[in-house]
Amino acid sequence: MRNPAAGLGFLRDYNEGLVLAIARGAAPFDRASVAAATGLTPQAVSKVLARLIKQGLIAPCGLKRQGAGKPATLYELLPTSRFAVGMHVARRTLRTVLTDLRGDIATSHVTPLPPDFTPRDLLDAMTGAVARLTRDRPQTAGRIAGVGIGMVGPLDHALGIVRDAHRLRHWHDVPLRERAQDALGLPVHLDKDVTAGVTAEAWRRGPAFDDAALIMVESGVGAGLWLDGRAHRGAHTNAGEFGHTVLQLDGPRCACGRHGCLEVLHDLAVADGDIPRAARILAAGVVNLVQAVDIGHVVLAGADLLQHHRTYRAAVTAGIETEVPRADWLTVEVTLSSLGADIIAAGAAMQILDASYGVPSPASAAHAAPVAQPAP
Ligand SMILES: [Zn+2]
């Protein structure tokens, strides 16, 4: 299939990423404010602005009068110059969102998946969702930068292979990224659902959100980690199997084969209808995580959690306040996800935007390569 993203042109320059990050803020900006925020010379800023205008990502939008001097040109982001598609593959549904370059969600749609769905079932659902989206929104033609997929793991983000999806029988070493690229004709980015989710929070909340965890409870328990200002994926890109950390050595057997995992204890409490206990079990795991990696923000997400968000948030807050030694000094902000049910799909779309139009880092450049060079 012809690749509709081939002519888009992705940023490969650190300074372009910096300027675009400023442009994503709501207000129009001028050359001097960019120079002050980035430390670049006004001449260097002018060159970057010219390149971004040429790519159609920003445009002049007016003049700023300043005393008796020459007025300064104001610029703004053109949010509909690029779009990204994000997908959340859950055990029963495929949720698809379309976001613009700012990361705002333009549309969201849910497709049911058959029980114990196969890779073919999923690819058919994905193709249908993208076809419907482009048919309903003709303005996206030729402007979709790619498709981000957030899926339950374990999976290898770097190779784009789903190793084994918990509780799905047909998902063993499936090269989903490559197969989706072939089916959709667009660059594809595959990541764990929780890592996509934490990226959504980070993209929206800015640089103050530097060490954080997204705790997700939805047909299982996972955690997306954002450490040192970027997604943390670990040695095998499989970080986040938070639900399979053990809380009780001689506890009940978990689907993963171990005994007393957080997930099995939590799910048994839910099955007993004891949500306060389920929330306390989750809180104990969160306290362990805070102790292990010293995070400053905990974001709670997932349909099963958000249904009882007051109970979960109160339990996690109380757990941190009473069980973390010196909680007066080690302050941790506990919030609910700002994007509700769309968070994973939106985050997957923002991963596409981040790889193509964010500030490049050595790690993201390595993982972004397949996005910029899709299968022909
Ligand atoms: Zn387990």
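Residues numbered from 1 in each chain as written. Predicted model: local features only at pLDDT ≥ 70, side-chain atom pairs only at ≥ 80, totals over all residues. Heavy atoms only, no water.

Peer 1: I tried to follow the sheet that holds strand β9 (residues 172-174) on my own but got confused; where do I start?
Peer 2: Whether parallel or antiparallel, the strands of a sheet pair through hydrogen bonds between backbone atoms. An order of β7-β8-β9 is seen for the 3 strands of this open sheet, with the pairing classed as antiparallel. Only two strands of the sheet have a single neighbouring strand rather than two, namely β7 (155-156) and β9. Judged from the 2 bridges that link them, β7 and strand β8 (residues 161-164) form a sheet pairing that is antiparallel. Paired with Asp-156 across the bridge in β8 is Ile-161. (Pairing = 2+ DSSP bridges. Helix = DSSP H or I, 4+ residues; strand = E, 2+ residues; numbered from the N terminus.)

Peer 1: How should the coordination of the zinc ion be read in this particular structure?
Peer 2: In ideal tetrahedral geometry, four donors around a metal make angles of 109.5 degrees, whereas ideal octahedral geometry with six donors gives angles of 90 or 180 degrees. Bound to the zinc ion on the protein side are His-244 (ND1), Cys-254 (SG), Cys-256 (SG) and Cys-261 (SG), at distances that span 2.1 to 2.4 Å. Taken together, the 4 donor atoms surrounding the zinc ion define angles of 100 to 125 degrees at the centre, an arrangement classified as tetrahedral. Sequence spacing of the donor residues for the zinc ion, all on one chain, is H-x9-C-x1-C-x4-C. A residue pair is termed long-range when its members are at least 10 positions apart, and His-244 in the loop between β13 (230-232) and α7 (262-271) and Cys-254 in the loop between β13 and α7 qualify at 10 residues. Of the residues examined, His-244 reaches a relative accessible area of 11% and is grouped as buried. (Donors = N, O, S within 2.8 Å, 3.2 Å for Na, K, Ca; no water. Tetrahedral: all angles 85-135°; square planar, octahedral: opposite > 155°, others 65-115°. Buried < 20%, exposed > 50% of the residue type's maximum accessible area, 1.4 Å probe, protein only.)

Peer 1: Any chance you could explain the pairing of strand β3 (residues 83-89) here in plain terms?
Peer 2: Side-chain direction in a regular strand flips from residue to residue, so the side chains alternate between the two faces of the sheet. Among the 7 residues that make up β3, 7 are buried, leaving the element largely enclosed by the rest of the structure. Burial along β3 is two-sided: the residues Phe-83, Val-85, Met-87 and Val-89 and Ala-84, Gly-86 and His-88 are all buried. For β3 and strand β4 (residues 93-100), the ladder comprises 7 bridges, and the chain directions are antiparallel. When the sheet's bridge partners are listed, Met-87 is paired in β4 with Thr-96.

Peer 1: Teacher, can you tell me more about the environment of His-308 here?
Peer 2: Within the secondary structure layout, His-308 lies in the loop between α9 (303-306) and α10 (309-323). Given a relative accessible area of 29%, His-308 falls into the partly exposed group. Separated by 32 residues in the primary sequence, His-308 and Pro-276 place their C-alpha atoms 9.3 Å from one another.

Peer 1: So what exactly am I meant to see when it comes to the domain arrangement of the chain here?
Peer 2: When the parts of a complex come together, some accessible area is lost, and that lost area is often used as the size of the interface. In terms of domains, the chain is made up of domain 1 (14-77) and domain 2 (82-376). Centre-to-centre, using C-alpha coordinates, domain 1 lies 34 Å away from domain 2. The interface of domain 1 with domain 2 comprises 11 residues on the first partner and 8 residues on the second. When domain 1 packs against domain 2, close to 890 Å² is buried across both sides, 63% of that on carbon and sulfur atoms. (Domains from an automatic or database assignment. Contact = heavy atoms within 4.5 Å. Buried area = accessible area lost by both parts, 1.4 Å probe.)

Peer 1: What's the story with the packing of helix α8 (residues 275-293) against α10 in this structure? I'm lost.
Peer 2: For any two helices packed against each other, one specifies the crossing angle of their axes together with the interaxial distance. Running from amino to carboxyl end, α8 crosses α10 at an angle of 45 degrees, the nearest separation of the two axes being 8 Å. On the basis of the axis angle, α8 is oblique to α10. Every pair of crossing elements has a handedness; the one defined by α8 and α10 is right-handed. Every residue of α10 that contacts α8 at Ile-275, Pro-276, Ala-278, Ala-279, Arg-280, Leu-282, Ala-283, Val-286, Val-287 and Val-290 is listed here: Thr-311, Tyr-312, Ala-315, Val-316, Gly-319, Ile-320 and Glu-323. (Axes fitted to C-alpha atoms, helices over the stretch in contact; angles between N-to-C directions. Parallel < 35°, antiparallel > 145°, perpendicular 65-115°, else oblique. Left-handed = near helix turned anticlockwise from the far one by under 90°.)

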